[in-house]
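Listed below are the residues making up each chain.
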Amino acid sequence: MDPITLLTVVVLAVFVGFEVVSKVTSKLHTPLMSGANAIHGIILVGAIIVAGQATDPWLLTVALTAVVLATVNLVGGFVVTDRMLEMFSGRKPARRGARTREDGA
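All residue numbers refer to positions counted from 1 along the written sequence of the respective chain. Reporting of local features is limited, given that this is a predicted model, to residues whose pLDDT is at least 70; pairs of side-chain atoms are given and counted only at 80 or more, and all residues count toward the totals for whole chains, interfaces and linings. Each side-chain value is worked out from all heavy atoms of the structure, with water and hydrogens disregarded.

Q: What should I look at first to understand the overall build of the protein chain in this one?
A: Working definition: helices are DSSP H or I runs of at least four residues, strands are E runs of at least two. Numbering for both runs from the N terminus. Within the protein chain, the secondary structure is distributed over 3 helices and 0 strands. The order of α-helices and β-strands along the protein chain, N terminus first, is α-α-α. The buried label goes to any residue with under 20% of its type's maximum accessible area, the exposed label to any with over 50%, and the partly exposed label to all in between, with areas taken from a 1.4 Å probe on protein chains only. Across the 105 residues of the protein chain, 14% fall into the buried class. Across the protein chain, every contact between residues at least 6 apart in sequence was considered, and the portion connecting residues at least 24 apart equals 63%. To be clear on the numbers: accessible area is Shrake-Rupley with a 1.4 Å probe, and residue cover counts the displayed protein chains and nothing else. Approximately 8800 Å² of the protein chain is accessible, and the part contributed by carbon and sulfur atoms is 70%. Here, residues are in contact when the closest pair of their heavy atoms is within 4.5 Å.

Q: Whenever I open this one, a nonpolar patch on the surface confuses me. Can you help?
A: Here a patch means residues that are over 30% exposed by relative accessible area and free of salt bridges, tied together within 9 Å if like-charged and within 5 Å if nonpolar (Val, Leu, Ile, Met, Phe, Trp, Tyr). In what follows, salt bridge is the name for a side-chain nitrogen of Lys or Arg lying within 4 Å of a carboxyl oxygen of Asp or Glu. On the surface, a cluster of nonpolar side chains totalling about 390 Å² of accessible area is made up of Val 50, Trp 58, Leu 59 and Val 62. No other element matches the 3 residues that helix H3 (residues 57-89) contributes to the nonpolar patch. You can call Leu 59 partly exposed: its relative accessible area is 36%.

Q: Would you take a moment to explain the nonpolar core for this structure?
A: Soluble globular proteins: nonpolar side chains tend toward being buried together. Working definition of a nonpolar core: buried Ala, Val, Leu, Ile, Met, Phe, Trp, Tyr and Cys residues. They are joined through side-chain atoms within 4.5 Å. Formed by Leu 44, Ala 47, Ala 51, Ala 63, Val 67, Ala 70 and Leu 74, the largest nonpolar core amounts to 7 residues. Only helix H2 (26-53) and H3 provide two or more residues apiece to this core. A per-element tally of this core places H3 first, with 4 residues. Those residues within four positions of Ala 63 in sequence are excluded, and the remaining contacts are Ala 47, Val 50 and Ala 51.

Q: Sorry, what's going on with the side chain of His 40 here?
A: Its place among the elements puts His 40 in helix H2. The residues contacting His 40, other than those within four sequence positions of it, are Asn 73 and Leu 74.

Q: Would you mind going over H3 with me for this structure?
A: Because each turn of an α-helix spans 3.6 residues, side chains separated by three or four positions end up pointing in the same direction. Multiply 1.5 Å by the residue count of a helix minus one, and that product is the helix's expected span. Here H3 spans 48 Å end to end across 33 residues, near enough to the 48 Å set by a 1.5 Å rise per residue. Among the residues of H3, those classed as buried are Ala 63, Val 67, Ala 70, Leu 74, Gly 77, Thr 81 and Met 84.

Next comes the structure, spelled out in structure tokens:
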């Protein structure tokens, strides 16, 4: 494929991805993030395989960059999912013996 075709595909994918994600309600966001985390895990494994088989220094640099970006994306997805699940879980009861502001602490 020539570079113009690849650039066109990437730009269209960005626009379609933005439109799809922006229309998702907050109730569906957490299950979709879990599915996206699974996909990013597969992408990370693929990037590691490509980095392990790379012989060209340029390809190795691109593959290692892909590994770093996929790792950041995967970990960030789990952090966001965890924070969203905490929002839906409600408040945790206070520990016994813990002083609150109402107690004069």
